[in-house]
Amino acid sequence: MSFKEIKSLLRMVNVDMNDMYAYRLFKECDRSNNERLEGTEIEEFLRRLLKRPELEEIFHRYSGEDRVLSAPELLEFLEDQGEDGATLAHAQQLIQTYELNETAKQHELMTLDGFMMYLLSPEGDALDPAHTCMFQDMDQPLAHYFISSSHNTYLTDSQIGGLSSTEAYVRAFAQGCRCVELDCWEGPGGEPVIYHGHTLTSKILFRDVVQTVRDHAFTLSPYPVILSLENHCGLEQQAVMARHLRTILGDMLVTQALDSQNPEELPSPEQLKGRVLVKGKKLPAAWNEDGRILSDREEDDEEEEEEEGVQAEEQKRQAKQISPELSALVVYCCATRLRTLRPAPVPPQPCQMSSLSERKAKKLIREAGNSFVRHNARQLIRVYPSGLRMNSANYSPQEMWNSGCQLVALNFQTPGYEMDLNAGRFLINGRCGYVLKPACLRQPDTTFDPECPGPPRTTLTIQVLTAQQLPKLNAEKPNSIVDPLVRVEIHGVPMDCARKETNYVLNNGFNPRWGQTLQFQLRAPELALTRFMVEDYDTTSPNDFVGQFTLPFNSLKQGYRHIHLLSKDGASLSPATLFVHIRIQHS
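If you're wondering where the values come from, they're calculated on a predicted model, not measured in any experiment. (Residues numbered from 1 in each chain as written. Predicted model: local features only at pLDDT ≥ 70, side-chain atom pairs only at ≥ 80, totals over all residues. Heavy atoms only, no water.)

Once that is clear, we can look at the packing of helix H4 (residues 53–63) against helix H8 (residues 112–119). Direction vectors running N to C along H4 and H8 enclose 110 degrees, while the axes themselves pass 10 Å from each other. Considering the angle they form, H4 stands roughly perpendicular to H8. Judged by the twist between their axes, the crossing of H4 over H8 is right-handed. Here Leu55, Glu56, Ile58 and Phe59 of H4 lie close against H8, whose contacting residues are Leu112, Phe115, Met116 and Leu119. Partitioned by chemical class, the residues of the contact of H4 with H8 number 7 nonpolar, no polar and 1 charged. (Axes fitted to C-alpha atoms, helices over the stretch in contact; angles between N-to-C directions. Helix = DSSP H or I, 4+ residues; strand = E, 2+ residues; numbered from the N terminus. Parallel < 35°, antiparallel > 145°, perpendicular 65-115°, else oblique. Left-handed = near helix turned anticlockwise from the far one by under 90°. Contact = heavy atoms within 4.5 Å. Nonpolar A, V, L, I, M, F, W, Y, C, P; charged D, E, K, R; others polar.)

Another aspect to go through is helix H6 (residues 88–98). Here H6 has its buried residues at Ala91, Leu94, Ile95 and Tyr98. Seen from one end, H6 has its buried residues packed into an arc of 100 degrees, which puts them on one side. As for H6, its buried residues are in contact with strand E1 (69–70), helix H5 (71–81), helix H7 (102–106), strand E2 (109–110) and H8. (Buried < 20%, exposed > 50% of the residue type's maximum accessible area, 1.4 Å probe, protein only. Arc of directions from axis to C-beta.)

Next up on the list: the confidence of the model for the chain. Of the residues in the chain, 91% have a pLDDT of 70 or more, and the chain-wide mean is 90. Residue range residues 286–293 is modelled with pLDDT below 50. Its contacts to residues more than four positions away, or to other chains, number 21 contacts. Under a pLDDT of 50 for its full length, residues 295–319 has, in the predicted model, 55 contacts with residues more than four places off or in other chains. (pLDDT = per-residue confidence, 0-100.)

All right, on to helix H10 (residues 206–216) then. Listed as buried for H10 are Phe206, Val209, Val210, Thr212 and Val213. Buried positions in H10, seen along its axis, are confined to an arc of 155 degrees and lie on one side of it.

Considering all chains together, one arrives at 25 salt bridges under this definition. The salt bridge involving Arg561 is made with Glu83; its shortest N-O contact spans 2.9 Å. Of this pair, Arg561 sits in strand E21 (residues 559–566) while Glu83 sits in the loop between H5 and H6, placing them 478 residues apart in sequence. Here Arg561 and Glu83 have matching classes, each one buried. With a closest N to O distance of 2.7 Å, Arg531 and Asp420 form a salt bridge. Taken together, the residues span a long stretch of sequence, with Arg531 in strand E19 (residues 529–536) and Asp420 in helix H18 (residues 417–425) at a distance of 111 residues. Via salt bridges that share partners, Asp420, Arg487, Glu489, Glu501, Arg531 and Glu535 belong to a single interconnected network. (Salt bridge = Lys/Arg side-chain N within 4 Å of Asp/Glu carboxyl O.)

Okay, here's the thing in structure tokens:
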């Protein structure tokens, strides 16, 4: 390869090196002195290019004069990293796992290459590997968990003219979703259909969706799935819906309360493994004062009328009775209007569940923070996006999680930071779609209020060191190289929310260096998510997204860590990484 070809290759991998530096490196590797690199010369050029001076510096700090790490020296590094329970045996095991040189391995030594392999492995990740497996108590009542939830699950695009598809349910389950929505309407030939009513979205058969649930609901997670029915069908087709649910789902379907269950609280995810719950209206307890049945979203009617311009008379006309067959399938998720958060003379049953629009939920958080938290310690709440979000945009789920709302329903088909937060929240615990809420959100007499979380008690210090092999954004422009900057965001209670960023590095997506320190104070770290974001700086327009990674604050590992970046839609951008140093201090 000539120097010109080498330059072209570098641009392809997002490197725009200074010509003088690149040519000097080229000449040093051109042993045959013929202005071309061949075979081993190209290999040496790339090896020099891939040098990680910051890793070499750390390595030499611990390895001393001989430039190899013994097991005791590696143990010292692990202890400085803050690795829990680091032992000499663990250090020896790391050498056997990641060292590439057989001779070094036999002598229980780690070379620089082995050290780099270790730091780039899951064990050198910012995400605690222990948290990627199932590690939480799954025997608590359902109301004690955040539950991954989808809104308008059937849609692949916008809620005005998008395509409805059973494939959208398959995709949601593949992302760990445990609560899916079925908007049920009268269909031809006596068969109910699912689509976004009064819009141009296409229709799919209710029966086909139930079969998709049967075939795909438990491929990723064994824990219960909730079918949130928004029912607009008459009595006959409701009976058809009930028949399909029973015959297709069979023993998966929960049709009566579990024998072993305490009537004072909901059953646990463990007790409901492999089961499907129906959320809908229930006879006779759901009769309203004027003798009709609540519609599924009527909990929020006054708001929906404002938002969507629905006339009250039209609402009454549409509110239909419910068939006994469908009512019989609603056991633990009985749709109930949330009338008050004040303690009632008779406490509400745990199986009563309310759905609120994001606006109503925000109002309760603002006006009755602690009462709302206490309510959510005992009963399930589902929050869904405002009807005004015609393009299926999302709201930030963090605000709802702060108050203990379990089912924070998002449009899974719409990528953005909101879905990044959702993916980060449910990244842990084996990605099973259930994450145990912090203790302050589970106690019935808790004093926690997300609006007043108390003084700061944790300091997070992140030193952003380098990045490696960031993706090229503009493939059409051969000379387009990113000018990357890193932003760290904290999403938590309002007083913890913060974002800080580094300077940008000009024309280097291959191995940019920052060495900048960002610091954050946290009042409720157990609720916080940490989001690492890389952007391409632009002076004239908004910065372009390069990659991101979001994880719970409590799953962050301290010390020198790599962060493996994800694309806008959550796919891996391997080998793109950030290299940081993380320090957490509790006061």
